[in-house]
Structure formats: structure tokens, C-alpha cells
Amino acid sequence: MGPTNVDLVKLYQADQQLREAQEHLEAANKNVRVQERRTNDLADKLKFAQQKLREQQSQAHQMDLELKTRDTHIEKLRTQQQTAHNNKEYQAFLTEINTAKVDRNKIEDEAVKRLEEIEKLQAEAAALSTQLEAERTKLATMSAAIGDTLARLKSQVDALRPARDASAASLPPRAREAFERLAEHHDGDAMSAVAKPDRRREEYLCSACNMNLVTDVYNKLHTRDELVFCPSCRRLLYIPDDLPPELAIHSRGTRPAGEEAEAAPPKAGRPRTNRVKEADSRVRGRIGGLLAKAQGESVKGAIDADASPVVCEVWIDGKSMGDYKGKSREHLERVIRFRLDEAGVKSSVEVNEKSKPESAAEEAERAQSNSAVPAEPEPERSGNSATPST
């Protein structure tokens, strides 16, 4: 990889180490933070209960004063009633006294409710105060016990931060900005290693999202100094240490010249009648197209497995459809059934494997041997022949 990508990998590794140390620090400090939050919540609840208690006490005091005022007013009315000059005036004072008593009783009932609420709030505040003191004691104990651990982890974080900052400073601004943006979006996983699942194929994928990559992504990262992003997750791609070029780039070996010459049959002696007959014997139309697709898929499976296809005779609903090749009899039958079911064709399928076909070299050799056999002389025709007269 180029210097920019190498520096990006160094920054990624330093950033991962720093984030790991920060996570350890956060995990160690989590219990203390939870205890602090619980203590603060209890303190807020106690403060709210005390404030509500003070409000209720103030209202109860106001009601007590109101009761005393109304009692004084009722006594004054009674005194005036005793000095009434006639019955009509006496009855007027009596009505006013009764009305004042009704209003006074309403205030008294409300004052009783306030007193009950005050007693309940006082009990709640006392319980919260006791619980708060216990939680504060527990918090102090936890803080003292974990203090050394937090100090050690914090020193590790502080020790790793300069290396991360130095790696970031060595990058060009564009690469650094792209890394920081992706690190924030993916929680630190700004880069992804290129993976090759099958060593025999020129196929690569992003190890973060398992997205297939173009075949030349390895060469692009290996030979160029530019940023390469995953087309799916948009992470920056890089080549891991366990994927060197001799493992990543698949190169097929070449056979010796003599072996190639021996394997290649002569063009002049290659018979073509078998291929023509095989094509002519196959069924045409919709069924023929489905069988041809099934044959192509099954033969591809044989090629991927480095195996030679076998020749099978296919029967549909008891009728011969011709000879088709496949990875194996079972594989070809399975693919044909899948293709027919996918097309909505409900038919019975039977596949029988035939004898292994001859290779091209064997066909050419057999054709040459047949041409070397002398032809039998044509027998003479029977019958009388005319003789010329002398």
C-alpha cells in the first residue's frame, strides 16, 4: 500500500487502542456513575418532598388563622344577638351566626386534610433522608475502593493519546477528515480489511459488511496511494497483513508445452457428428430452454469443483428430452426440478446417467483408426455379360 494508506492503518490501530482503553475506563467508572445518579435522584426527591411539606405547612397555618378569625367573628355576633331589641333582629343575628358556623366547619375540614397530608409528607421526607444518607455512604465507599483503578486506567488513556494524535497529524487533511468522519459515524470502525473467502478465485469482500468488491480492488490498494471506500458501508478499505499478494492474486499455472501438445487433438481429425446429433436430439421450445439453463448451471458447478461433467439422458413425463451434461446425475436432476418449479411446470423428471463421454483426444484417435482400416472390395455384379463378336 502507499504511504497514505499505511499511515491510515497506523492511525486506525492507534485509534482502536485508545478507544479500547477509554471503554475500560468507562466500564470501571460505570458503577460509580450509577451510584452517583441514584444518590442525586434521591436528593432531588427529598428536596421536592421538603418543598411540598413546607407549602402544606404554610397553608395549614393560614387555615388555622382563618379559623381563629371566624371564631372571633361568631362570638361577636352572639354578643350582639344578646342585645337585640326585638325578635326580628334576634333572628337575623341567628341566621348570620349559623352561616358563619357552616363556613367555619368547611375550613376546619380542609385544615384536617392538610394536617393528614403534612404527616404523610413528614414520614416520606424522613424515609428519603435515611435512604439518602445510606446511598451517600455507599458512594463514598465505592469511590475510595475504585480510585486506584480509575487512576491507572486514566493514565493508560493519557499515554495512548499522543500516539493517536501523532498518527493523525502525519496524514493529509483530506484523508484525516475522511477518517474522523467515518470513525464518528461507525463508533471507531472507520476502516475495514479486504477479505478473500476463496483462495482459488479472484473474489474479494468487505470484512465489515460482507459486500462483494470489484476484482481489481486488491491491485488498486497494493499499487496506488489513494483512498478506496467500500461501496456499501463506505468504510476505508485496507490490505491486512495475512493477505500478501501471493495469496490474494490468483494466477493459474501453465502446463508444459509437450503436455499441451499431447492434450490438444488435431483439428483435421476431430469428428463433429456426435455434437450435431446431440443437439438435434434435444427437445425445443419452453421445456428445451429450461433444460438448457439447468444444464449450464450444473456444468458451471462441475467446473467450479474442478470436475468433469457427466452425460445424462433426461426424461420428462415419460418422454426422452435428449442428452444433457451436468455435475452429477443428482445435481442435474435437482437443478432441472428447481427450474421447472420456478417456471410453474408440473411434470415428473427422471435423469439417467449415461457412459462417460470420450475426450477429444480419444475421439480423434478413434477417428484416425477407423480411417486407417482398408475398405472391403465391392463385390462383382451378377448377370450375363455380352461378348463382342469377331
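Rules used in this analysis
Residues numbered from 1 in each chain as written. Predicted model: local features only at pLDDT ≥ 70, side-chain atom pairs only at ≥ 80, totals over all residues. Heavy atoms only, no water. Axes fitted to C-alpha atoms, helices over the stretch in contact; angles between N-to-C directions. Helix = DSSP H or I, 4+ residues; strand = E, 2+ residues; numbered from the N terminus. Parallel < 35°, antiparallel > 145°, perpendicular 65-115°, else oblique. Left-handed = near helix turned anticlockwise from the far one by under 90°. Contact = heavy atoms within 4.5 Å. Pairing = 2+ DSSP bridges. Salt bridge = Lys/Arg side-chain N within 4 Å of Asp/Glu carboxyl O. Expected span 1.5 Å × (residues − 1). Buried < 20%, exposed > 50% of the residue type's maximum accessible area, 1.4 Å probe, protein only. Core = buried A, V, L, I, M, F, W, Y, C linked by side-chain atoms within 4.5 Å. Bend = angle between axes of the 7 residues up to and from the residue. Patch = residues over 30% accessible without salt bridge, like charges linked within 9 Å, V, L, I, M, F, W, Y side chains within 5 Å. Areas by Shrake-Rupley, 256 points an atom, 1.4 Å probe, with all protein chains shown as cover. Lys, Arg positive; Asp, Glu negative; His and termini not counted. Charge placed at Lys NZ, Arg CZ, Asp CG, Glu CD. Nonpolar A, V, L, I, M, F, W, Y, C, P; charged D, E, K, R; others polar. pLDDT = per-residue confidence, 0-100.

## Things to note about the packing of helix H8 (residues 285-304) against helix H9 (residues 329-342)
Relative to each other, H8 and H9 sit at 135 degrees, their axes nearing to 9 Å. As summarised for this structure, H8 and H9 are arranged oblique, according to the angle between their axes. In the crossing of H8 with H9, the sense of the turn from one axis to the other is right-handed. Along its contact with H8, which presents Ile287, Leu290, Leu291, Lys293, Ala294, Gln295, Glu297 and Ser298, the element H9 presents His331, Leu332, Val335, Ile336, Arg339 and Leu340.

## Observations concerning the sheet that holds strand S2 (residues 204-206)
If you trace the four strands from one edge of the open sheet to the other, you get S3-S2-S1-S4, paired in mixed fashion. On the outer flanks of this sheet lie strand S3 (212-213) and strand S4 (236-238), each paired with one strand and no other. The pairing of strand S1 (residues 191-195) with S2 spans two bridges and is classified as antiparallel. From the neighbouring strand, Ala195 faces S2, where its bridge partner is Leu205.

## Remarks on the pattern of salt bridges
Overall, the coordinates contain 14 salt bridges when judged by the stated rule. Arg114 is paired through a salt bridge with Glu110; the nearest N and O atoms lie 3.0 Å apart. Taken together, the residues Arg114 and Glu110, both in helix H2 (residues 87-169) and four residues apart, mark about one turn of the helix.

## Looking at H9
With 14 residues, H9 extends 20 Å between its outermost C-alpha atoms, agreeing within 8% with the 20 Å of an ideal straight helix rising 1.5 Å per residue. Listed as buried for H9 are His331, Leu332, Glu333, Val335, Ile336 and Leu340. Those residues of H9 that are buried lie in contact with H8, strand S5 (310-316), strand S6 (319-326) and strand S7 (349-353). Gly344 occupies a position one or two residues after H9 and carries a positive phi of about 80 degrees.

## Topic: the nonpolar core
Leu8, Phe179, Ala190, Met191, Leu227, Leu236 and Tyr238 are the most contacted members of the largest nonpolar core, which has 17 residues in total. Top contributing element to this core by residue count: helix H3 (residues 173-185), with five residues. For Leu227, the residues in contact, after removing those within four places along its chain, are Thr4, Asn5, Leu8, Arg174, Ala175, Ala178 and Leu236. In terms of nonpolar packing, the next biggest core, distinct from the first, is built from 16 residues, Met321, Tyr324, Val345 and Val351 among them.

## Brief notes about helix H1 (residues 3-82)
Between the first and last C-alpha of H1 there are 112 Å, a value that for 80 residues agrees with the 118 Å anticipated at 1.5 Å per step. Along its length, H1 shows its largest kink, about 40 degrees, at Lys30.

## Considering a positive patch on the surface
There is a patch of like positive charges on the surface, built from Lys30, Arg37, Arg38 and Lys138. Position of Lys30 among the secondary structure elements: in helix H1.

## Quick word on the environment of Asn352
Structurally, Asn352 can be placed in strand S7. For the pair Asn352 and Glu330, spaced 22 residues apart in sequence, the C-alpha separation works out to 9.3 Å. In this view, Asn352 contacts Val311, Cys312, Glu313, Trp315 and Arg329; residues no more than four positions away in its chain are not counted.

## Observations concerning the sheet that holds S5
In any sheet, the strands associate via hydrogen bonds between backbone groups, in a parallel or an antiparallel arrangement. If you trace the three strands from one edge of the open sheet to the other, you get S6-S5-S7, paired in antiparallel fashion. Unpaired on one side and paired on the other, S6 and S7 mark the two borders of the sheet. For this sheet, the mean inter-axis angle between neighbouring strands, taken without regard to orientation, is 30 degrees. Where S5 and S7 come together, five bridges link them in antiparallel fashion.

## Quick notes on the environment of Arg235
Positionally, Arg235 belongs in the loop between helix H4 (217-223) and S4. Apart from the residues within four sequence positions on either side, Arg235 is in contact with Leu182, His186, Asp189, Ala190, Met191, Ser192, Ala208, Val228, Phe229 and Cys230.

## As for the packing of H1 against H3
Packing of H1 against H3 brings their axes to within 11 Å, and their N-to-C directions diverge by 35 degrees. Relative to H3, H1 is oriented so that their crossing is right-handed. Contacts from Thr4, Leu8, Leu11, Tyr12, Asp15 and Arg19 in H1 reach Ala175, Phe179 and Ala183 in H3. Residues of the contact of H1 with H3, tallied by class, amount to six nonpolar, one polar and two charged.

## Focus: the confidence of the model for the protein chain
Considering every residue of the protein chain, the mean pLDDT works out to 77; 79% of them sit at 70 or more. Confidence, read as mean pLDDT per element, is least for helix H6 (residues 257-263) in the protein chain (41) and greatest for S7 (90). Counting contacts from residues 251-280, a segment whose pLDDT is below 50, to residues more than four positions away or on other chains yields 18 contacts. This model gives residues 357-361 a pLDDT under 50, and the stretch forms six contacts once residues within four places in sequence are excluded.

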